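Structural characterization, general
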Amino acid sequence: MAPQVVLITGCSTGIGLATAVCLAAEKQHEFKVYATMRNVGSKGKLEAAAGDTLNKTLFIRELDVTKQDTISSLVDEILRENGRIDVLVNNAGFSGVDGIDKRSIEWCQSMMDTNYWGVVRTTRAVLPAMKKQKSGRILNVTSVSGIIGTPFYATYASSKFAVEGFSESIAAVLRDGYNIRVSIVEPGPVATELMAKLVANQEGHTEGFDDKLKEMYLARAKNIRPLLKAVTQSADEIAKLHLEIILSENPHLRYQTSPAMNKMVADKLKDTTTDALLDALKR
């Protein structure tokens, strides 16, 4: 049986890197993984982690989710070489503190362009092939912040909420019409370089904040640090979940990545007023 052909975005570090390495090394089920990143000059960590799978079952390619030409070029290459694309993992994205009105609109638009429109672009690019072959899996990596708006991360949460809505809206149509399954993966905090940068310099994130906003942000950052430490997962844990979803005969629409995240989402959804979220700064 031919290997499943997988395209993953955002593989220079973190969840994308771990997922690419996990699938490429899988023995019981064979995958051919195209691990992509915006700047292939940053491929060193992935090459080292790939080991002897490099250029055998794991292939590193350039893809910038904000640039349609790089997406189209790679999808065309994959189809020429393999005749199909079985799995798309939309993982590329970035985060940052925005303090509601303290970042430029251009910064906010850039985040939305990567985190949301990047998912739309890559999904659209693979759909013609998946529709033709009447099969496919699309995994959209969002965040618990795509279900629960996080204070001081309004733009990031908005971008992830948007992916959640997009995914929900297309899932039934693609499943019932074309046998393409869409799943949303909702991690909480994950031990990645992105997470480390956000936590390392809390003062640095408050540039331009007024005194009250800075006080509130730093107090919450301090209070939430023990919680983050208690629930933070490794990127490898998320990668293993991705493998389970891909291999599942009947995957769910949504997956929280830990019992703690499952509880957070359940607590929100059972209260239609969601008034408890107004106490987020007190926790």
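Anything mentioned here points back to the structure above.
Treat the numbers as computed from the prediction; the structure is a model and nothing was measured. (Residues numbered from 1 in each chain as written. Predicted model: local features only at pLDDT ≥ 70, side-chain atom pairs only at ≥ 80, totals over all residues. Heavy atoms only, no water.)

Side note on the packing of helix α3 (residues 68-82) against helix α4 (residues 105-133)
- Remark: α3 packs on α4, axes separated minimally by 10 Å, with the N-to-C direction vectors making an angle of 30 degrees. Taken as axis vectors, α3 and α4 run roughly parallel relative to one another. Taken as a pair, α3 and α4 cross one another with a handedness that is right-handed. Seen from α3, the contacting residues are Q68, I71, V75 and L79; seen from α4, they are R121, T122, A125, V126 and A129.
- Grouping the constituent residues of the contact of α3 with α4 by class yields six nonpolar, two polar and one charged. (Axes fitted to C-alpha atoms, helices over the stretch in contact; angles between N-to-C directions. Helix = DSSP H or I, 4+ residues; strand = E, 2+ residues; numbered from the N terminus. Parallel < 35°, antiparallel > 145°, perpendicular 65-115°, else oblique. Left-handed = near helix turned anticlockwise from the far one by under 90°. Contact = heavy atoms within 4.5 Å. Nonpolar A, V, L, I, M, F, W, Y, C, P; charged D, E, K, R; others polar.)

Considering the packing of helix α1 (residues 14-25) against helix α8 (residues 235-247)
- Where α1 contacts α8, the two axes come as close as 8 Å, and the packing angle between them is 55 degrees. The angle between α1 and α8 falls in the class oblique. The chirality of how α1 crosses α8 is right-handed. Touching G14, I15, A18, T19, C22 and L23 of α1 are A235, D236, I238, A239, K240, H242, L243 and I246, all from α8.
- Grouping the amino acids of the contact of α1 with α8 by side-chain chemistry returns nine nonpolar, three polar and two charged.

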